[in-house]
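Here is how the chains run, residue by residue.
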Amino acid sequence: MTLTTSIPVKKTTQSRISTVDFKNLGFGNYISDHMLVAKYDNGAWQEPQIIPYGDLMLSPAMLSLHYGQAVFEGMKAFYMNDGAINIFRVERHHKRLNKSLARMCMPAISEDLFTAGLEAIVKTDAAWIPKDDGSSLYLRPVVFASEAKLGVKVADQYLFVILTSPVGPYFSKPVRLKVELEYVRAAEGGTGFAKCAGNYGGAFYPTQQAREQGFDQVIWTDAKEHKYIDESGAMNIMFVIDNKLVTPALSSSILDGVTRNTLITLAKDMGVTVEERKISIDEIEKAFQQKTITEAFGAGTAAVVSPIATINIHGIDYQLPEVKADGFQLAVKKKLQDIRSGAAPDTYNWNHIIR
Ligand code: COI
């Protein structure tokens, strides 16, 4: 399909925007007035439409509930300094969505449908884009199998939905993380690189246990030996060791984070040496003992750059120094913010600007 005509919009008669506390958004607490919905049937995506956000009539036999064909993206839209709207890194999110869809035997979404859909939903609910520093309109494109059938099969019917949500920072303070040495998020050859719903569901139990022990999240290690660091579930993980930016190299068990890619690109521009490689827990433990590790943080669309306060390894809490004004994290975060707001040139064409 080609989106030659504009996407039809059925507006709500009862906006909920007055119920939003824009000063205390939190993350994911509010869903904006409208949503985009497109159906896949007869081997093709049908014309999308924008309708008031609300419940959908779906069968409890729909295949995504039973066999897990569900993938999503997490993106953000902002107001720029000149009042234009910026949806950040649309192209890269689109490519990753299609990689996830392919892994789950689900139909690809064209760049046209993805981009036009995002533009239309963001324009429709532009009033929901927060203006305060550190806040944004979080965009959640999700694709799931809607065909009702109990046989174990690849579905023939899907829905593509885009929800939006005004959000503040994902974490309110530097996080405490525990290196997970028993449970596994993803194994090589599995679905860890795909943004599929099951990766998150499977992470809940160990994460809940870690929370009961006073941690915010876990740091996942490789499935074979529990020796090397993968990621942290809601974010990729990065370290500053010996003044170098060090992060686990991508593999089939690690999500190819868009923010990860952005920060690596900006770090290289800043003249920082970047190492994407295997990082063992032993190396991190030694770096703490020798005080060569000066920073650790999570990188993600939701998390942006989230400082880590504590990493627990084999039951020992290792503390990171407080985030320094002249450190790497704040500098790279400012660079990212300046590009997104239009204060610095967008040399990589990351901004998708709507006027
Ligand atoms: C994101 O960073 O957008 C994510 O999807 C992580 C989490 C909120 C699910």
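Fair warning: this is a prediction, and the values are worked out from it, not measured in the lab.

Caption draft 1: Geometry of a nonpolar patch on the surface. On the surface, Tyr67, Leu150 and Val152 cluster together into a nonpolar patch covering about 330 Å² of accessible area. Positionally, Leu150 belongs in the loop between strand E7 (136-145) and strand E8 (158-167).

Caption draft 2: Just the site of the ligand, in detail. Around the ligand lies a shell formed by Phe72, Gly74, Tyr138, Arg140, Tyr170, Lys195, Tyr200, Ala234, Thr301 and Ala302. Between the ligand and Tyr138, the relevant distance is 2.6 Å, taken from an oxygen atom to a side-chain nitrogen or oxygen of the residue. Within the side chain of Lys195, one N or O atom sits 2.7 Å away from an oxygen atom of the ligand. Burial of the ligand by the protein amounts to 90% of the accessible area it has alone, namely 280 Å². Looking at side-chain class alone, the shell around the ligand contains 6 nonpolar, 2 polar and 2 charged residues. Counting contributing residues, the shell around the ligand receives three or more from each of domain 1 (3-167) and domain 2 (175-341).

Caption draft 3: Local environment of the domain arrangement of the protein. Structurally, the protein comprises domain 1 (3-167) and domain 2 (175-341). Placing the centre of domain 1 and that of domain 2 at their C-alpha centroids yields a distance of 27 Å. In this complex, domain 1 contributes 22 residues to the contact, which on the side of domain 2 involves 22 residues. Of all residues in domain 1, Phe72, Arg96 and Arg103 bury the most surface against domain 2, accounting for 29% of the area lost on that side. Along the contact surface separating domain 1 from domain 2 lie 1 salt bridge.

Caption draft 4: Representation of the pattern of salt bridges in the model. Enumeration over the complete set of coordinates arrives at 16 salt bridges. One salt bridge in this structure joins Lys153 and Glu147, with 2.8 Å as the shortest N-O distance. You can call Lys153 partly exposed: its relative accessible area is 28%. In this structure, Glu275 engages Arg277 in a salt bridge whose closest nitrogen and oxygen atoms are separated by 2.8 Å. The exposure class assigned to Glu275 is partly exposed, which follows from its relative accessible area of 22%.

Caption draft 5: Highlighting unusual backbone geometry. In this structure, Asp242 is a non-glycine residue whose phi angle is positive, near 50°. The phi torsion at Asn243 lies on the positive side, around 65°, for a residue other than glycine. Residue placement: Asn243 occurs in the loop between strand E11 (236-241) and strand E12 (244-248).

Caption draft 6: Fine view of the packing of aromatic side chains. In total, this model carries 12 aromatic pairs according to the counting rule given. Ring geometry for Phe27 and Tyr138: centres 4.9 Å apart, planes at 65°, overall edge-to-face. With a gap of 111 residues between them, Phe27 in the segment before strand E1 (34-41) and Tyr138 in strand E7 connect regions that are remote in the sequence. Judged by its relative accessible area of 8%, Tyr138 falls in the buried class. Measuring from ring centre to ring centre gives 5.0 Å for Phe288 and Tyr318, while their planes differ by 20°; the resulting arrangement is stacked. Of the two residues, Phe288 is situated in helix H6 (residues 281-289) and Tyr318 in strand E16 (residues 316-319); the sequence distance between them amounts to 30 residues. For Phe288, a relative accessible area of 9% gives the class buried. One aromatic cluster in this structure is built from Phe27, Tyr138, Tyr170 and Phe171.

Caption draft 7: Molecular detail of the nonpolar core. The biggest cluster of nonpolar side chains holds 42 residues, and the ones touching the most others in it are Trp45, Ile87, Ile109, Val122, Val143 and Phe160. Breaking this core down by element, the ones donating at least two residues are E1, strand E5 (75-79), strand E6 (85-88), helix H2 (90-103), helix H3 (111-124), E7 and E8. When residues of this core are assigned to their parent elements, the largest contribution, 7 residues, is made by H3. Residues Val175, Val246, Ile279 and Tyr318 belong to the second largest nonpolar core, which totals 24 residues.

Caption draft 8: A look at the state of the cysteines. Within this structure, the stated rule accounts for 0 disulfides. Cys105 forms no disulfide, and the closest cysteine sulfur to it belongs to Cys196, at a distance of 12 Å. On the basis of relative accessible area, Cys196 is assigned to the buried category, the value being 2%.

Caption draft 9: Broad picture of the pairing of E12. The buried fraction of E12 amounts to 4 of the 5 residues, a majority that puts the element mostly inside the structure. Two strands pair when backbone bridges link them, and E11 and E12 are joined in this way by 3 bridges, in the antiparallel orientation. Each bridged residue has a counterpart across the sheet, and for Phe239 the counterpart in E12 is Val246. Following E11, the chain reverses through 2 residues before pairing antiparallel with E12; Asp242 in that reversal takes a positive phi of roughly 50°. In this structure, E12 lies alongside strand E13 (residues 274-277), joined through 4 bridges in parallel fashion.

Basis of the calculations
Residues numbered from 1 in each chain as written. Predicted model: local features only at pLDDT ≥ 70, side-chain atom pairs only at ≥ 80, totals over all residues. Heavy atoms only, no water. Patch = residues over 30% accessible without salt bridge, like charges linked within 9 Å, V, L, I, M, F, W, Y side chains within 5 Å. Areas by Shrake-Rupley, 256 points an atom, 1.4 Å probe, with all protein chains shown as cover. Salt bridge = Lys/Arg side-chain N within 4 Å of Asp/Glu carboxyl O. Helix = DSSP H or I, 4+ residues; strand = E, 2+ residues; numbered from the N terminus. Near = heavy atom within 4 Å. Polar contact = N/O pair within 3.5 Å; in protein donor to acceptor, adjacent residues only side chain to side chain. Nonpolar A, V, L, I, M, F, W, Y, C, P; charged D, E, K, R; others polar. Domains from an automatic or database assignment. Contact = heavy atoms within 4.5 Å. Buried area = accessible area lost by both parts, 1.4 Å probe. Buried < 20%, exposed > 50% of the residue type's maximum accessible area, 1.4 Å probe, protein only. Phe/Tyr/Trp six-rings, centres within 6.5 Å; stacked < 30°, edge-to-face > 60°. Core = buried A, V, L, I, M, F, W, Y, C linked by side-chain atoms within 4.5 Å. Disulfide = S-S within 2.5 Å. Pairing = 2+ DSSP bridges.

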